[in-house]
Amino acid sequence: MTMSFSAPLVKIQSLHKSYGPHIQVLKGLDVEMKPGERVVVIGPSGGGKSTLLRVMMGLEKIDSGSISFGGKPYIFSEGADRKTVIDTEVRRSIGMVFQHYTLFPHLSVIQNLILAPCKVRGENKASATKRAQALLERFGLGAKASAYPAQLSGGQKQRVAIARALMLDPKLMLFDEVTSALDPELVAEVEQVILQLAGQDMPMMIVTHDMWFAKNIASRVIFCAGGVVVEDGPPEQVLGSPKEERTREFIDRVFHIRH
Amino acid sequence: MTLDFSIVLRFQEALALGLWMTIKLTLICVVLGCSLGFSIGLARTSRSALLRAASSIYVEFFRGTPVLVQLFWIFFCLPLILGVELSNLTSGVIALTLYMGAISSETFRASLKSIGPEQLDACVALDLPRRVQVTSVILPQAVLRAVPTLLSNCVSLFKESALVSAVGMADLMFVGQNISNNTARPVEVLTVVALIYFVIAFPLTRAVTLVERRVLAKLAI
């Protein structure tokens, strides 16, 4: 299938997801994302932001709905028992970075980076190592190749985690609150790396509580609450002068304008 | 009462043979018991309810009964039930392997459990197939985390192995007891036997602390 310029890169249609019979997290969520877009998802805790990203990565089962990537549905529910189907071939194009780094603690930095390319893609060790070293240099971690995760700061760990995801040449990156666990003085170095990726037109979807970062990186902002998209528009609108009352309340609260 | 430790020297060959039996028995049972323990540890976290039930009955039974009773049962009851003669060494190996399997399975189970679900999230996000998840991510971490406790398990086994003397296996304890009876010099002989056990067990105990500090602190796991 060929993709015309305006065709959506990601299309999420009436996504429903619940944990058990009583907790509905996503209640019919629709999102479209065009190629080259950088979508920042904001919203109150429990509003379904992280769940959305986890579902897109295929880490959670869904109740109903579908997600397409590049025009191809890769996550949907099927049959009478609504089994979640995940097309792993398509999912391969998506990379994800988590709040808690999730580096493999028993492997050195370079081993963390080359594990997937060597074991999954069949790349030879020398070429993977060369690519990994280049990525580390680019992220200011050239000297840390043989260090273990426990010997790194939170900011360094998160940069390694981003590099590790990039080793698989993703066509879309998902960032799930990647700076939330960091000490304040380490946030900038991680955001800098993500901005660097944005400069190379990497499509990305970012869940963050950092409104400064959201404003700087987003080409579009989605306000998600109660399991649905409440407002969706350019950052100036959603963060600056939101149209929806619920968005306005949230924005005011996080910017401490009114009490 | 006068003590004459030189008397022990006359029996150094017999003591060496006994020590060799103790070490041989311990090493065989460490290898077999750890393998059994790892399988049982996996079985206890298995999806199959039958496997989980069977493995926990085994573990709880062997942790809940005295090793001496287990030994006697395997030496005297198992041959009657199976209808075959078992050599002393075979019976000793079976008994201590089952004991080691039970205690090390708990060690492995704890180490498997301590690997957080977020490690599996990372595996999925990196598109690692199940086989690679197990061999490259879960297994090495589980084994590394288990090492200090496993070493303690091994030291326990080495000491507990003295119980086989009660069923007539010629280990260090058995030889020592015989010499002490025949020479009527229990203080000298049994003190030396205790020292031999200590000289081997103590460095191993210290090694546990060392491994914990050096290796695991570096990995922070």
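Residues numbered from 1 in each chain as written. Chains lettered and ligands numbered in written order. Predicted model: local features only at pLDDT ≥ 70, side-chain atom pairs only at ≥ 80, totals over all residues.

Looking at an unreviewed UniProt entry, one finds chain B named Polar amino acid transport system permease protein and attributed to Sinorhizobium kostiense. Recorded in UniProt under Sequence similarities (unreviewed entry), the annotation for chain B is "Belongs to the binding-protein-dependent transport system permease family. HisMQ subfamily." (UniProt positions renumbered as here; feature names shortened; annotations may be inferred.)

Under the annotation held in an unreviewed UniProt entry, chain A carries the name Polar amino acid transport system ATP-binding protein and is attributed to Sinorhizobium kostiense. Regarding chain A, the relevant UniProt record gives this comment under Subcellular location (unreviewed entry): "Cell membrane". Recorded under Sequence similarities (unreviewed entry), the UniProt text for chain A is reproduced unchanged: "Belongs to the ABC transporter superfamily."

**So, the nonpolar core**
Residues and elements named next belong to chain A. Counting 77 residues, the largest nonpolar core has Val40, Val41, Met96, Leu174, Phe175 and Val221 as the members making the most contacts within it. No other element matches the six residues that helix H5 (residues 154-166) contributes to this core. Not counting the four nearest positions on each side in its chain, Val41 is found in contact with Lys49, Leu52, Met205, Ile206, Val207, Ile222 and Cys224. (Core = buried A, V, L, I, M, F, W, Y, C linked by C-beta atoms within 7 Å. Buried ≥ 20, exposed ≤ 12 C-beta atoms within 10 Å, placed from the backbone. Helix = DSSP H or I, 4+ residues; strand = E, 2+ residues; numbered from the N terminus. Contact = placed C-beta atoms within 7 Å.)

**Focus on the confidence of the model for chain B**
In the predicted model, chain B carries a mean pLDDT of 91, and 98% of its residues have values of at least 70. In the predicted complex, the global pTM is 0.80; the interface-specific ipTM is 0.88. (pLDDT = per-residue confidence, 0-100.)

**Comments concerning the UniProt feature "transmembrane region" (unreviewed entry) in chain B**
All names here are of chain B. Listed under "transmembrane region" (unreviewed entry) in the UniProt record, and renumbered for this structure, are residues 20-43, 64-82 and 189-211. The straight-line gap between the two end C-alpha atoms of residues 20-43 is 34 Å; of that span, 100% is helix and 0% is strand. Across residues 189-211 one finds 100% helix and 0% strand; the C-alpha atoms that close the span lie 34 Å apart.

**Here we look at the UniProt feature "domain: ABC transporter" (unreviewed entry) in chain A**
The UniProt record annotates "domain: ABC transporter" (unreviewed entry) at residues 10-251 of chain A. As annotated, residues 10-251 of chain A has a helix share of 36% and a strand share of 28%, and its two end C-alpha atoms lie 26 Å apart.

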